[in-house]
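Single-letter residue listing:
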Amino acid sequence: MRALARLTVAALLVAAPLTAAAPAAAAAADPTPITVLTSDFEDGTAQGWAGRAAETVTPTDAVAHGGTGSLSVTERTAAWQGPSLDVLDLFEKGTAYTISVWVRMADGADSARLSVERRTAGVASYDQVVGNTAVTTGAWVNLTGHYTLATDVDFLRIYVETASTTGSLFLDDVTVSYVPALPIQTDIPSVRDVVTEFPVGAAVTGAEIIGEHGQLLSKHFDSITPGNALKWDATEPTEDSFTFAQADPLIAYAKAHDLAVRGHTLVWHNQTPAWVFTGTDGQPMTATAENKELLLARLENHIRNVAGHYGDDIGVWDVVNEVIDETQADGLRRSTWYTITGLDYIRTAFRVAREVAPHAKLFINDYNTNVPAKRDALFNLVEKLRAEGVPIDGVGHQMHINVGWPTVADTEAMLQKFIPLGVEQQITEMDVSIYQNSGESFPAPPADRLLQQAYVYRDMMALFRRYGSAITSVTLWGLADDNTWLDTFPVTRKDAPLLFDTRLQAKSAYWAVVDPSKIVPPAGSGCAVTYRVTGSWQGGFQADVKLTNTGAAALPGWSLAWQYTGGQHITQLWNGALTQNGADVTVTNTTWNGALAPGGSAAFGFLGSWTGSNPAPAAFTLNDTACTVL
Ligand code: XIL
């Protein structure tokens, strides 16, 4: 039914040329936040703030972040105690608030964090807004984070607590603001209507199914993956006590909008409560026969209840997640699952999942499967287990990638590797970080990175569509850049890895998927260059250069020039023709890599010599035009 409906829409799209408004590379103008709360403690009152228990909360002028007053919190008797404010009447469901507080210790040193406590029908949940951040007596520390209320509540408070000590605190200059939502673009093609080779999905939290987010989700996608709501800590936080409070609304939304659901995930080493791995003696499990039996029984009970709860509503399960460690000789991650049960946790998980969800496709899911060693270790495991009769239907490739990694060729090799096994393949968690290493951080996504990202989406999606007979779905790990796990992983910094921007407007990455001819290069840039030293030894080095035509016109040939400042000398170059005069280097195309369509790239590599230091060239020109250096 669904597939038929989609074909019809796709056919219509082909017949009627798109009349979509010109793609906006940066759709939303500077958003002006609206401040809905300020607590500055300048009026000599606590401005509604109170303790979470019996601690004392009083206005003070002993120290202040701004002005002369702040709030003093003393007589805390537990780390969770701290200043809190009722925001039940202030916060609206589905609005993304930015909460900013200034904190300082009055004695001692600790870490402070900012959280929200919400209650629905008496059941409390605690959402972290800003994680543990070092605080001392010497200085004010700012905690700023984002919070979207996704459920109906009858109690809602923001609060500050500490990690371990009960030292007194000061709080000052609290603000809560939000940027009004923009309507979603309804005049652009839906991703799901353009990409018809397989369903396209997005990972979601409760915030993504409300309001404009919910509209964007159902307009563009065929399926959802609950990003956290089905994990063990969310579904069985204490032994044999199951809750589906987070996941049920997402599954209900999917049903209401005719979307498929990927269940993620039944077994993982993360987001699994400590009790799972605690023996009957109250100690962390050691590898004994009793513990193995107990752990497998817990695993079986968990899967029976979670997968059993949803039955046919969940069509695909990531039964096990991230079990490979290619640095081990046997390729298997040394999680507690593994150290206590060997491979039996995987065997048990698939057997039980098949039994309680007989119609669901059962997947083994992992990241970095494009890395040959990891890919091969996963392949070996799947081949072995399937030969034993373990019901593994498919391999999930997470595809958490970035603007410069991996290559399309490695990704294609990843897909090809698994074809002989006869398993389904799904791209399960794709996002394309604008960062290439943990050291980078940009206050706002640079235009050239967003362009590079668009080309990655274009090339990867084209690859997936070419492999449409092997791939049975592609899921992005998030809906829009306002809510991505990469904002705090692997370090805290704003990332922008998805198809829609923080205001839900289509990015170049979106156009890269639906119509790459509409990718808009940033004004003025005709080329982008990545220069990477890939190996270095005493006196010598190897480097790769990638050149991308970011202009609007096709180039028939190219000539890339730069200057060395460290006396480097190129000794051998491949995939290009070299001229070097002193510091001046020019590389021109060979016969077969000269034509560069808009967005097209050419790469060449070389060996060189150096003495003293080997600085990368700061500037490049392509056919005499300055390039963006990536
Ligand atoms: C991430 C979630 O998106 C975050 O909200 C959470 O804090 C950590 O986990 N690989 C996976 C996903 O299989 O479950 C992870 O999801 C991202 C990496």
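Residues numbered from 1 in each chain as written. Predicted model: local features only at pLDDT ≥ 70, side-chain atom pairs only at ≥ 80, totals over all residues. Heavy atoms only, no water.

## Remarks on the sheet that holds strand β21 (residues 540–549)
With respect to topology, five strands assemble into an open sheet ordered β23-β26-β21-β20-β29, the strand pairing being mixed. Looking at the sheet topology across the chains shown, the edges are occupied by β23 (569–574) and β29 (628–629). Here β21 pairs with strand β26 (residues 601–609) via nine bridges, running antiparallel. Residue pairing across strands places glycine 540 opposite serine 609, the latter belonging to β26. (Pairing = 2+ DSSP bridges. Helix = DSSP H or I, 4+ residues; strand = E, 2+ residues; numbered from the N terminus.)

## So, helix α6 (residues 289–310)
For α6, which comprises 22 residues, the first-to-last C-alpha distance of 32 Å matches the rise-based estimate of 32 Å (1.5 Å per residue) to within 8%. Regarding α6, the residues found buried are Asn291, Leu295, Leu296, Arg298, Leu299, His302, Ile303, Val306, Ala307 and Tyr310. When α6 is viewed along its axis, its buried side chains cluster within an angular range of 155° and face the same direction. Away from the buried face of α6 by more than 90 degrees, exposed residues Ala289, Glu290 and Glu293 are located. In the core, the buried residues of α6 are packed alongside α4 (232–235), α5 (247–256), β13 (260–267), β14 (316–321), α7 (336–341) and α8 (344–356). Two residues or fewer past α6, glycine 311 is found with a positive phi of approximately 50°. (Expected span 1.5 Å × (residues − 1). Buried < 20%, exposed > 50% of the residue type's maximum accessible area, 1.4 Å probe, protein only. Arc of directions from axis to C-beta. Contact = heavy atoms within 4.5 Å.)

## Digging into the packing of aromatic side chains
Scanning the model with the defined rule gives 23 aromatic pairs in all. The interplanar angle of 20° and the centroid separation of 5.9 Å between the aromatic rings of tryptophan 558 and phenylalanine 604 together place this pair among those described as stacked. Here the residue tryptophan 558 occupies a position in the loop between β21 and β22 (559–563), and phenylalanine 604 occupies one in strand β26, the gap between them amounting to 46 residues. Ring centres of tryptophan 562 and phenylalanine 606 lie 6.1 Å apart, and the angle between their planes is 25°; on these two criteria the pair is classed as stacked. Pair noted here: tryptophan 562 is in strand β22 and phenylalanine 606 is in strand β26, with a separation of 44 residues, a long-range link. (Phe/Tyr/Trp six-rings, centres within 6.5 Å; stacked < 30°, edge-to-face > 60°.)

## Some words on the environment of glycine 557
With respect to the helices and strands, glycine 557 occurs in the loop between β21 and β22. Note on glycine 557: relative accessible area 23%, which makes it partly exposed. A sequence separation of 71 residues divides glycine 557 from leucine 486, and the C-alpha atoms of the two residues are 38 Å apart.

## Side note on the nonpolar core
Ranked by internal contacts, the top residues of the largest apolar core, which has 107 residues, are Trp317, Ile364, Met430, Tyr457 and Phe464. In terms of residues, this core owes the most to one element, helix α11 (residues 447–466), which gives nine residues. Counting residues in hydrophobic clusters, the runner-up holds 32 residues, among them Ala46, Val101, Ala112 and Val176. (Core = buried A, V, L, I, M, F, W, Y, C linked by side-chain atoms within 4.5 Å.)

## Some remarks on the pattern of salt bridges
Once the charged atoms of two side chains with opposite charge are near each other, the side chains can pair. Applying the stated criterion across every chain yields a total of 28 salt bridges. Among the ionic pairs, glutamate 300 bridges to arginine 351, the shortest N-O distance being 3.6 Å. Remark: arginine 351 occurs in helix α8 and glutamate 300 occurs in helix α6; sequence separation between them is 51 residues. Since its relative accessible area comes to 21%, glutamate 300 is described here as partly exposed. A relative accessible area of 41% means that arginine 351 is categorised as partly exposed. Of the charged contacts, one joins aspartate 376 and arginine 375 as a salt bridge, the two residues approaching to 2.9 Å between their closest N and O atoms. One network of salt bridges, in which partners are shared, links Lys292, Asp344, Arg347 and Glu388. (Salt bridge = Lys/Arg side-chain N within 4 Å of Asp/Glu carboxyl O.)

## A word on the sheet that holds strand β7 (residues 123–135)
Ordered by their spatial adjacency, four strands build an open sheet running β4-β9-β6-β7, and the pairing between neighbours is antiparallel. Two strands in the sheet have a free side with no partner beyond their single neighbour: β4 (84–86) and β7. Pairwise comparison of adjacent strand axes, ignoring direction, gives a mean angle of 15° for this sheet. Examined bridge by bridge, strand β6 (residues 110–120) and strand β9 (residues 155–162) share eight bridges and lie antiparallel to one another. Looking at the pairing, serine 115 lines up with tyrosine 159 of β9. (Axes fitted to C-alpha atoms, helices over the stretch in contact; angles between N-to-C directions.)

## A few points about the site of the ligand
Around the ligand, the neighbouring residues are Asn228, Lys231, His264, Trp268, Gln271, Asn321, Glu322, Gln398, His400, Glu429, Trp477 and Trp485. Residue glutamate 429 places a side-chain N or O atom 2.7 Å away from an oxygen atom belonging to the ligand. For the ligand, whose accessible area on its own is 420 Å², the fraction buried by protein is 76%. (Near = heavy atom within 4 Å. Polar contact = N/O pair within 3.5 Å; in protein donor to acceptor, adjacent residues only side chain to side chain. Areas by Shrake-Rupley, 256 points an atom, 1.4 Å probe, with all protein chains shown as cover.)

## As for the packing of helix α9 (residues 372–388) against helix α10 (residues 408–418)
Helix-helix packing: each pair is described by the crossing angle between the helix axes and the interaxial distance. For the pair α9 and α10, the least separation of the axes is 10 Å and the interaxial angle reads 10°. For the element pair α9 / α10, the angle class is roughly parallel. Two packed elements cross with a definite hand, and for α9 against α10 that hand is right-handed. Together, Arg375, Asp376, Leu378 and Phe379 of α9 and Ala413, Met414, Lys417 and Phe418 of α10 make up the contact between the two elements. Per-class residue counts for the contact of α9 with α10 are five nonpolar, no polar and three charged. (Parallel < 35°, antiparallel > 145°, perpendicular 65-115°, else oblique. Left-handed = near helix turned anticlockwise from the far one by under 90°. Nonpolar A, V, L, I, M, F, W, Y, C, P; charged D, E, K, R; others polar.)

## Digging into the state of the cysteines
The full count for this structure, using the stated rule, is one disulfide. A sulfur-sulfur separation of 2.0 Å characterises the disulfide bridge that pairs cysteine 527 with cysteine 627. Every disulfide takes its handedness from the sign of the S-S torsion; for cysteine 527 and cysteine 627 that torsion is -95°, giving left-handed. Taken together, the residues cysteine 527 in strand β20 (residues 527–537) and cysteine 627 in the loop between β28 (625–626) and β29 connect sequence positions 100 residues apart. In this pair, the class of cysteine 527 matches that of cysteine 627, namely buried. (Disulfide = S-S within 2.5 Å.)

## Description of the environment of alanine 553
Within the secondary structure layout, alanine 553 lies in the loop between β21 and β22. Linking alanine 553 and proline 598, residues 45 residues apart in sequence, is a C-alpha distance of 5.7 Å.

## Some thoughts on the environment of methionine 460
Assignment of secondary structure puts methionine 460 in helix α11. By relative accessible area, which is 2% here, methionine 460 ends up buried. Counting along the chain gives 294 residues from methionine 460 to threonine 166, while the straight-line C-alpha distance between them is 51 Å. Apart from the residues within four sequence positions on either side, methionine 460 is in contact with Met399, Ile401, Pro406, Thr407, Val408, Thr411 and Met430.

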